[in-house]
Amino acid sequence: MIEFDDVTKQYPDGTVAVGNLSLTIPTGAITVFVGPSGCGKTTSLRMINRMIDPTSGTIRIDGKDVTAQDPALLRRSIGYVIQHAGLFPHRTVVDNVATVPVLTGLSRKEARKRAYELLERVGLTTGMADRYPVQLSGGQQQRVGVARALAADPPVMLMDEPFSAVDPVVRDSLQQEFLRLQGELGKTIVMVTHDIDEAIKLGDNVAVFAEGGRLAQLAGPEDLLANPADDFVAGFVGRDRGFRGLSFAASADLPVEPVDTEVEGLRLAVDDAGRPTGWTGHGRALPTEGSWSAGDSLRAVTDLAILSPAGAAVRVDADGRADGLVRHATVAEFVRVRQLERLSGTDG
Ligand SMILES: Nc1ncnc2c1ncn2[C@@H]1O[C@H](COP(=O)(O)OP(=O)(O)OP(=O)(O)O)[C@@H](O)[C@H]1O
Ligand SMILES: [Mg+2]
């Protein structure tokens with residue numbers, strides 16, 4: 001657990017980058033600091049590993065005041081990943097990753113062995129490991145940055161906009177892999193981003209910062225979308241927060257209709273195995289545009305219902321056989337009731 005206890009950072013020129021910040025970051029989860037530019041996210045992050053010291057207040061890791069610890073030792077127990085990976089250009093990829101383990105006393109050979117393992121873990125090949133950073137793509141370099149931060153197996157990782165310098169498609173795959181890796185490792189991660197969608201996607205907890213390093217809200221992503229604390233947070237989480245919040249809502253309890261129900265003059269066609277092949281009616285054959293299964297979110301079901309020419313999303317079982325239809329209007333009504341219950345507090 002990392003605790004910020006009434007932490008303020010005022011730079012010599014008078015700028016209050018962080019003001020009276022109190023916040024608890026739980027162990028083994030991803031906490032995201034998000035907020036507009038200049039609101040003190042990086043400053044807050046860097047105070048954790050003492051790259052910056054607070055003007056007043058205390059930061060504790062597992063109960064120990066960081067200012068009482070040797071900065072060099074502290075930094076070795078905390079992985080750090082930055083935007084452009086920050087790799088040593090004149091060292092090969094594998095040696096970039098092996099640097100910290102060598103510092104902590106591993107032999108060069110052992111350190112390299114560990115580095116190769118880590119690089120594989122973040123999805124890079126041995127061939128890439130022997131190149132120089134400039135010979136890798138931006139996304140690959142970011143992976144090396146993550147591998148390097150993990151090299152000393154630190155319990156805590158700090159990540160400052162680790163995925164923001166790559167294009168959206170690469171970012172998406174890096175985010176997926178990062179979540180998979182964290183599922184295995186369970187590190188205590190503090191990540192900075194200015195992208196609310198990234199925060200919602202990756203964060204177990206999301207801390208929304210406002211001007212002057214003020215904490216506007218700390219909440220889980222679903223709660224943040226559903227119950228923004230004030231107008232600033234509501235504006236920051238964005239206009240589609242209702243729709244985006246549906247990605248956290250389960251579809252399992254949606255009422256479905258039989259697959260042979262006629263919907264808007266269309267009927268679902270299936271193959272011999274019962275798998276949906278399209279909609280027929282009005283003398284035409286139309287595509288289904290995909291199907292959903294019970295584990296999908298209401299957002300996914302809504303999207304399919306919108307795309308469907310019948311205005312109905314096709315549910316399939318584990319074998320891909322159509323086993324139900326849900327109309328757009330049914331989803332809408334289900335969402336309305338859910339929202340009413342939530343706002344009346346009947347589901348806790
Ligand atoms: N060394 C410094 N001296 C004076 N002011 C600084 C210094 N470093 C940062 N600041 C100021 O402190 C404030 C917070 O900066 P910080 O880098 O923590 O913001 P940030 O939230 O990470 O922003 P961004 O999203 O743009 O990275 C800003 O107003 C910035 O100009
Ligand atoms: Mg920053």
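Residues numbered from 1 in each chain as written. Chains lettered and ligands numbered in written order. Predicted model: local features only at pLDDT ≥ 70, side-chain atom pairs only at ≥ 80, totals over all residues. Heavy atoms only, no water.

1. A look at the domain arrangement of the chain
Domain annotation for the chain reports domain 1 (2-247) and domain 2 (267-339). The distance between the C-alpha centroids of domain 1 and domain 2 comes to 39 Å. The interface of domain 1 with domain 2 comprises five residues on the first partner and six residues on the second. Taking both partners together, domain 1 and domain 2 bury about 550 Å²; carbon and sulfur atoms supply 65% of that area. When residues of domain 1 are sorted by the area they lose upon contact with domain 2, Phe-243, Leu-246 and Ser-247 head the list and together hold 81% of the total. A salt bridge links Arg-338 to Glu-222, with the shortest nitrogen-to-oxygen separation between them at 3.3 Å. Put simply, domain 1 and domain 2 have three residue pairs in polar contact (both at pLDDT 80 or more) between them. For the side of domain 1 that touches domain 2, a count of residues per class yields two nonpolar, one polar and two charged. (Domains from an automatic or database assignment. Contact = heavy atoms within 4.5 Å. Buried area = accessible area lost by both parts, 1.4 Å probe. Salt bridge = Lys/Arg side-chain N within 4 Å of Asp/Glu carboxyl O. Polar contact = N/O pair within 3.5 Å; in protein donor to acceptor, adjacent residues only side chain to side chain. Nonpolar A, V, L, I, M, F, W, Y, C, P; charged D, E, K, R; others polar.)

2. What about the sheet that holds strand β3 (residues 30-34)?
In space, the six strands of this open sheet follow the order β6-β7-β8-β3-β9-β10, with mixed pairing throughout. Whereas interior strands pair on both sides, the edge strands pair on one side only; in this sheet they are β6 (78-81) and β10 (214-219). Here the average twist between neighbouring strands, direction ignored, is 15°. Here five bridges tie β3 to strand β8 (residues 188-193), and the two strands are oriented parallel to one another. Paired with Ile-30 across the bridge in β8 is Ile-189. (Pairing = 2+ DSSP bridges. Helix = DSSP H or I, 4+ residues; strand = E, 2+ residues; numbered from the N terminus. Axes fitted to C-alpha atoms, helices over the stretch in contact; angles between N-to-C directions.)

3. Brief notes about the environment of Arg-112
When you line up the elements, Arg-112 lands in helix α4 (residues 108-121). Judged by relative accessible area, which is 30%, Arg-112 ranks as partly exposed. Considered as a pair, Arg-112 and Asn-96 are 16 residues apart in the sequence and their alpha carbons are 9.6 Å apart. Not counting the four nearest positions on each side in its chain, Arg-112 is found in contact with Val-94, Asp-95 and Ala-98. (Buried < 20%, exposed > 50% of the residue type's maximum accessible area, 1.4 Å probe, protein only.)

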